[in-house]
Amino acid sequence: MDTRRPSSTSEMQVTSIRLEAELKERLRELSGEQGYQTLIREILWQFVSNG
């Protein structure tokens with residue numbers, strides 16, 4: 001379980017990533033109320049933490 005506190009958006013850097021429309025839609029469906037960008041950040045943090 002990740003215990004890291006979320007950063008405020010003012011502490012984040014803007015980046016751009018191209019996603020297939022179907023992937024973006026699936027992420028939106030999975031993310032529910034939290035939003036797909038938050039879900040993507042969580043997935044990426046899990047990946048680099050377990051690497």
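Our subject is the structure listed above.
Along each chain, numbering runs from 1 in the same order as the chain's sequence is written. It should be noted that, the model being predicted, local features are given only for residues of pLDDT at least 70 and side-chain atom pairs only at 80 or more, the latter also being counted only at that level, while totals for whole chains, interfaces and linings use all residues. Remark: hydrogens and water are excluded; side-chain values derive from all non-hydrogen atoms of the structure.

S.K.: Sorry, what's going on with the overall build of the chain here?
M.R.: For the purposes of this entry, the term helix denotes a DSSP run of H or I that reaches at least four residues, the term strand denotes a run of E that reaches at least two, and both are numbered from the N terminus. Across its full length, the chain holds two helices and zero strands. The buried label applies to any residue whose accessible area, calculated with a 1.4 Å probe on protein chains only, is under 20% of its type's maximum; exposed applies above 50%, and partly exposed to all values in between. For the chain, the proportion of its 51 residues judged to be buried stands at 8%. Accessible areas in this description were obtained via Shrake-Rupley with a 1.4 Å probe; residue shielding takes into account the shown protein chains only. Split by element, the accessible area of the chain, about 5,200 Å² in all, is 51% carbon and sulfur.

S.K.: Looking at this structure, I do not really get the packing of helix α1 (residues 21–31) against helix α2 (residues 36–50). What am I missing?
M.R.: Each axis is a line fitted through C-alpha atoms, taken for helices only over the stretch in contact, and angles between the N-to-C directions span 0 to 180 degrees. Interaxial distance between α1 and α2 falls to 8 Å at its minimum, and their mutual angle equals 90°. One element, α1, and the other, α2, form an angle in the roughly perpendicular class. Residues Lys24, Leu27, Arg28, Leu30 and Ser31 of α1 touch α2, and the partners they reach there are Tyr36, Leu39, Ile40 and Ile43. Each residue belonging to the contact of α1 with α2 can be placed in one class, and the counts come to six nonpolar, one polar and two charged. To sort the angles, those under 35 degrees are grouped as roughly parallel, those over 145 as roughly antiparallel, those from 65 to 115 as roughly perpendicular, and the leftovers as oblique. In this description, contact between two residues means that some pair of their heavy atoms is separated by no more than 4.5 Å. Residues are grouped as follows: Ala, Val, Leu, Ile, Met, Phe, Trp, Tyr, Cys and Pro are nonpolar; Asp, Glu, Lys and Arg are charged; every other residue, Gly included, is polar.

S.K.: Whenever I open this one, the side chain of serine 31 confuses me. Can you help?
M.R.: Inspection of the secondary structure puts serine 31 in helix α1. Contacts described as polar in this section are N or O atom pairs within 3.5 Å, which, within protein, must combine one atom able to donate a hydrogen with one able to accept it, while residues neighboring in sequence count only if both atoms come from side chains. Within polar-contact distance, the side chain of serine 31 engages the backbone oxygen of arginine 28 at 3.0 Å. Once residues within four sequence positions are removed from consideration, serine 31 is found in contact with Tyr36 and Leu39.

S.K.: How should a nonpolar patch on the surface be read in this particular structure?
M.R.: Like-charged residues within 9 Å of one another, or nonpolar side chains (Val, Leu, Ile, Met, Phe, Trp, Tyr) within 5 Å, are grouped into patches, provided each residue has over 30% relative accessible area and no salt bridge. By definition, a salt bridge exists where a carboxyl oxygen of Asp or Glu is found within 4 Å of a side-chain nitrogen of Lys or Arg. A surface patch of nonpolar side chains, about 380 Å² in accessible area, is lined by Trp45, Phe47 and Val48. By the element assignment, phenylalanine 47 lies in helix α2. Relative accessible area serves as the criterion here: at 64%, phenylalanine 47 is assigned to the exposed category.

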